[in-house]
Amino acid sequence: MNTKKRAEDFVLVHKEILSSNFTRLDLLSSTELPLIEAGQFVQVQIPSSLYGWLRIPISIHDVRAKERILSLLVQKVGDGSIQLSSCPENSKINLIYPLGKGFTMPNLELASLDTSILLVGGGCGIAPLLYLAKNLKENGIKTSVLLGARSRDQLICQETLSSYASLYPCTEDGSVGFKGLVTEHPLWKMESFSHIYTCGPTPMMKAVAALSVKMGSKHCQVSLENTMACGLGACLCCVTPSAQGHNLCVCTDGPVFDASVLGW
């Protein structure tokens, strides 16, 4: 996909506080939305912030094209995200979007009964996976999701995800679902998956990539969350090494990569 980038003011039409750290923002465009891939992101200008001149990258959480709604999942981790989470409804929020390369969907013409999909998300890593799960269901592809968090209060989006896929929650303290890490869940031994998609902490994604190799999965795609300043490939602060030792620009070459490209 090569969609032209836009800089546009959206209106915050609905805000939902999901937990003490996570807030969902539903943003309304005044025009028809362009085609958006699951896994792409936006650069957000922070209103009323001392750091408003520097945009922050946020994954696109959901898209409701007919309603012209684009949703973001915001985790409070710094001044910018705290300011953004505090915006009242009807605020104007400026985005540059859609940015980066998203997840590659399975070839629908070749998809068969042996096409099985696993999504693995940890913490805010669930942000780009929700829209992916939605797209997979709309194309009739059976999907399973391993969703991990430290505890019940950090486990978000369960109800929405359950409407798109078979959900297997995991918490480190055992307060919800399986007690342990997503990489320790019995599902890895119960089923095999042809395609694996993951987003979350880097150690988790590396472990998922290693498991995908062990189980013989054909495809393992990872969504990196490197620090970005421009989101357009100019500042180069987000580069990551490839398996061949070359630098890859996460904001333009990714943020989604096949794990084999990264040498994981």
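Our structure is the block above this text.
Here is a short report on the structure shown in this document. Just so it is clear, the structure is predicted and the values come from calculations on it, not from any experiment.

### A look at the sheet that holds strand E10 (residues 178-179)
- Strand order in the open sheet formed by seven strands is E10-E9-E8-E7-E11-E12-E15, and the pairing between neighbours is mixed. The open sheet has two edge strands with one neighbour each: E10 and strand E15 (256-258).
- Sheet topology note: the strand E12 (residues 219-223)/E15 ladder contains three bridges and is antiparallel. Note on E15: the bridge partner recorded for Val-222 is Phe-257.
- The strands touched by helix H5 (residues 202-215) are strand E7 (117-122), strand E11 (195-199) and E12; relative to E11, the strand with the most contacts, the crossing angle is about 170°.

### Description of the layout of surface pockets
- Within this model, the largest pocket holds a volume of roughly 700 Å³.
- Lining the largest pocket are 27 residues; nearest its centre among them are Ile-56, Pro-57, Ile-58, Val-77 and Glu-225.
- Counting only elements with at least two residues in the lining of the largest pocket, the list comes to strand E4 (56-64), strand E5 (69-75) and helix H1 (79-85).
- Examining the composition of the lining of the largest pocket, we find that four residues originate from one element, E4, more than from any other.
- Of the residues belonging to the lining of the largest pocket, the class tally is 15 nonpolar, nine polar and three charged.
- Within this model, the second largest pocket holds a volume of roughly 500 Å³.
- Looking at the lining of the second largest pocket residue by residue, the class counts come to eight nonpolar, nine polar and three charged.

### Focus: the side chain of Arg-55
- Looking at the secondary structure, you find Arg-55 in the loop between strand E3 (41-44) and E4.
- This buried residue, Arg-55, is left without a salt bridge; Asp-9 holds the nearest opposite charge, at 7.1 Å.
- Here Gln-43 takes part through its backbone oxygen, which lies 3.2 Å from a polar atom of the side chain of Arg-55.
- Here Asn-94 takes part through its side chain, which lies 2.6 Å from a polar atom of the side chain of Arg-55.
- In contact with Arg-55, not counting residues within four places along its chain, are Gln-43, Val-44, Gln-45, Asn-94, Leu-95, Ile-96 and Ala-229.

### A short note on the packing of aromatic side chains
- Tallied over the full model, the rule gives two aromatic pairs.
- On the basis of an interplanar angle of 70° and a centroid distance of 5.3 Å, the ring pair of Phe-10 and Tyr-97 is categorised as edge-to-face. One end of the pair, Phe-10, is in strand E1 (residues 6-17); the other, Tyr-97, is in strand E6 (residues 92-99), with 87 residues separating them in the sequence. Like Tyr-97, Phe-10 is buried.

### As for the pattern of salt bridges
- If you walk through the whole model with that rule in mind, you get five salt bridges.
- Where Arg-24 meets Asp-26, a salt bridge forms, and the shortest distance between an N and an O atom there is 3.0 Å. We note that Arg-24, like Asp-26, is buried.
- With a shortest N-O distance of 3.1 Å, Glu-67 and Arg-64 are connected by a salt bridge.
- In this structure, a network of salt bridges that share partners links the residues Arg-24, Asp-26, Asp-62 and Lys-134.

### Concerning helix H2 (residues 126-138)
- Taking 1.5 Å of rise per residue, the 13 residues of H2 would be expected to cover 18 Å, and the 18 Å separating its terminal C-alpha atoms lies within 8% of that figure.
- Most of H2 sits out of view: 11 of its 13 residues are buried.
- Buried residues of H2: Ile-126, Ala-127, Pro-128, Leu-129, Leu-130, Tyr-131, Leu-132, Ala-133, Lys-134, Asn-135 and Leu-136, and no others.
- Downstream of H2 by one or two residues, Gly-140 has phi in the positive range, about 70°.

### Looking at the sheet that holds E1
- With antiparallel pairing, six strands are arranged side by side around a closed barrel as E1-E2-E5-E4-E3-E6. Taking each pair of neighbouring strands and ignoring which way they run, the sheet shows an average axis angle of 45°.
- Note that E1 and E6 share six bridges and pair antiparallel. Following the sheet pairing, Phe-10 is matched in E6 by Ile-93.
- Packing of H2 onto the sheet brings it into contact with strand E2 (22-28), E4 and E5, and relative to E4 it is tilted by some 25°.

Criteria and cut-off values
- Numbering of residues begins from 1 in every chain and follows the order in which that chain's sequence is written.
- Local features are withheld for residues below a pLDDT of 70 in this predicted model, meaning they are given only at 70 or higher, and side-chain atom pairs are given and counted only at 80 or more; totals for whole chains, interfaces and linings count all residues.
- For side-chain calculations, the full set of non-hydrogen atoms in the structure is used, while hydrogens and water are omitted.
- Whether two strands pair comes down to DSSP finding at least two bridges between them.
- What counts as a helix is a DSSP run of H or I of at least four residues, what counts as a strand is a run of E of at least two, and both are numbered from the N terminus.
- By definition, residues are in contact when any of their heavy atoms lie within 4.5 Å.
- Throughout, an axis means a line fitted to C-alpha atoms (over the contacting stretch in the case of helices), and angles, computed between N-to-C directions, take values from 0 to 180 degrees.
- The definitions used throughout rest on a 1 Å grid laid over the protein atoms alone, on which a cavity is an enclosed set of points accommodating a 1.4 Å probe that cannot get out and a pocket is an open set flanked by protein within 12 Å on both sides along at least five of seven lines; lining residues are those having an atom within 4 Å of a point.
- Grid points are joined across faces, edges and corners, and a volume is the space filled by probe spheres set on the points.
- Amino acids are sorted into nonpolar (Ala, Val, Leu, Ile, Met, Phe, Trp, Tyr, Cys and Pro), charged (Asp, Glu, Lys and Arg) and polar (every other residue, Gly among them).
- Think of it in three bands: residues with accessible area under 20% of the maximum for their type are buried, residues over 50% are exposed, and the middle band is partly exposed, with areas taken using a 1.4 Å probe on protein chains only.
- When charges are counted, neither His nor the chain ends are considered; positive counts come from Lys and Arg and negative counts from Asp and Glu.
- Salt bridges are defined as contacts in which a side-chain nitrogen from Lys or Arg sits within 4 Å of a carboxyl oxygen from Asp or Glu.
- N or O atoms closer than or at 3.5 Å make up a polar contact, with two conditions inside protein: a donor-capable atom paired with an acceptor-capable one, and, for residues adjacent in sequence, both atoms drawn from side chains.
- In summary, the pairing rule links any two rings of Phe, Tyr or Trp, Trp by its six-membered ring, whose centres are within 6.5 Å, and it sorts them by plane angle into stacked for under 30 degrees, edge-to-face for over 60 and tilted for everything else.
- The span expected for a helix works out to 1.5 Å for each residue beyond the first.

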